[in-house]
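A structural walkthrough
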Amino acid sequence: QVQLVESGGGLVQAGGSLRLSCAASGSFFSINVMGWYRQAPGKERELVATISSGGGTKYADSVKGRFTISRDNAKNTVYLTMNSLKPEDTAVYYCNAEGRLVLQGFSSWGQGTQVTVSS
């Protein structure tokens, strides 16, 4: 079983910054991809950014140039640094990790952390 614990959400004014963290723990063999997704009220969950174990990254067009995803493999932790925040970034942000247990793969989600950007 793999647990993901997120932190760092909160309320910020437009133009401000926040940094989210997500730490993975449990009995796993490896974590391949870690990422952040978000879900705004009345909308579907959408990809924000992902990062592979080798450091390859992918971003949603709406956050390119403003958000940076990074990862500390030794700590099994992924970060999302969010700059120039906009009200439309308001959502619950979820951490995701995909990897291998001993005999099978896994995909786990965190509990979510609220990010609210005021105008």
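Calculation criteria
Residues numbered from 1 in each chain as written. Predicted model: local features only at pLDDT ≥ 70, side-chain atom pairs only at ≥ 80, totals over all residues. Heavy atoms only, no water. Helix = DSSP H or I, 4+ residues; strand = E, 2+ residues; numbered from the N terminus. Contact = heavy atoms within 4.5 Å. Areas by Shrake-Rupley, 256 points an atom, 1.4 Å probe, with all protein chains shown as cover. Lys, Arg positive; Asp, Glu negative; His and termini not counted. Charge placed at Lys NZ, Arg CZ, Asp CG, Glu CD. Core = buried A, V, L, I, M, F, W, Y, C linked by side-chain atoms within 4.5 Å. Buried < 20%, exposed > 50% of the residue type's maximum accessible area, 1.4 Å probe, protein only. Phe/Tyr/Trp six-rings, centres within 6.5 Å; stacked < 30°, edge-to-face > 60°. Lys NZ or Arg CZ within 6 Å of the ring centre and 35° of its normal.

1. Some details on the overall build of the chain
A count of helical and extended segments in the chain gives zero helices and eleven strands. Along its sequence from the N terminus, the chain presents helices and strands in the succession β-β-β-β-β-β-β-β-β-β-β. Each of the three principal axes of the chain carries a C-alpha extent, and together these read 50 × 25 × 20 Å. Pairs at least 24 residues apart make up 54% of the contacts formed inside the chain by residues separated by at least 6 positions. Of the roughly 6,200 Å² of accessible surface on the chain, 48% is carried by carbon and sulfur atoms. The centroid of the 11 positive side-chain charges in the chain is displaced by 4 Å from the centroid of its 8 negative side-chain charges.

2. A few points about the nonpolar core
Core analysis: the largest hydrophobic core is formed by 30 residues, its most contacted members being W36, V48, F67, V78, L80, M82 and Y93. Only β1 (2-7), β3 (18-26), β4 (30-39), β5 (46-52), β7 (67-72), β8 (77-82), β9 (91-100) and β11 (113-118) provide two or more residues apiece to this core. Excluding anything up to four places from it in sequence, Y93 contacts E6, L20, W36, Y37, R38, V48, F67, L80, M82, G112, T113 and V115.

3. Concerning the environment of S119
Its location among the elements puts S119 in the segment after β11. S119 sits in the exposed class, given a relative accessible area of 88%. Sequence-wise, S119 and V92 are 27 residues apart; in three dimensions their C-alpha atoms are separated by 17 Å. Apart from the residues lying within four places of it in its own chain, the contact partners of S119 are A14 and P87.

4. Re the packing of aromatic side chains
Each aromatic ring pair is described using two quantities: the centre-to-centre distance and the angle formed by the ring planes. Under the counting rule described, the total for this entry stands at two aromatic pairs. Judged by centre distance (6.2 Å) and plane angle (40°), the ring pair of F28 and F106 falls under tilted. With a gap of 78 residues between them, F28 in the loop between β3 and β4 and F106 in strand β10 (residues 105-109) connect regions that are remote in the sequence. Ring geometry for Y37 and W109: centres 5.0 Å apart, planes at 65°, overall edge-to-face. Residue Y37 is located in strand β4, and its partner W109 is located in strand β10; the two are separated by 72 residues in the primary sequence. Accessibility expressed as a relative area gives 19% for Y37, which makes it buried. It is R19 that lies over the ring of Y79; its NZ or CZ is 4.1 Å from the centre.

Function cannot be read off these values alone, since they describe shape.
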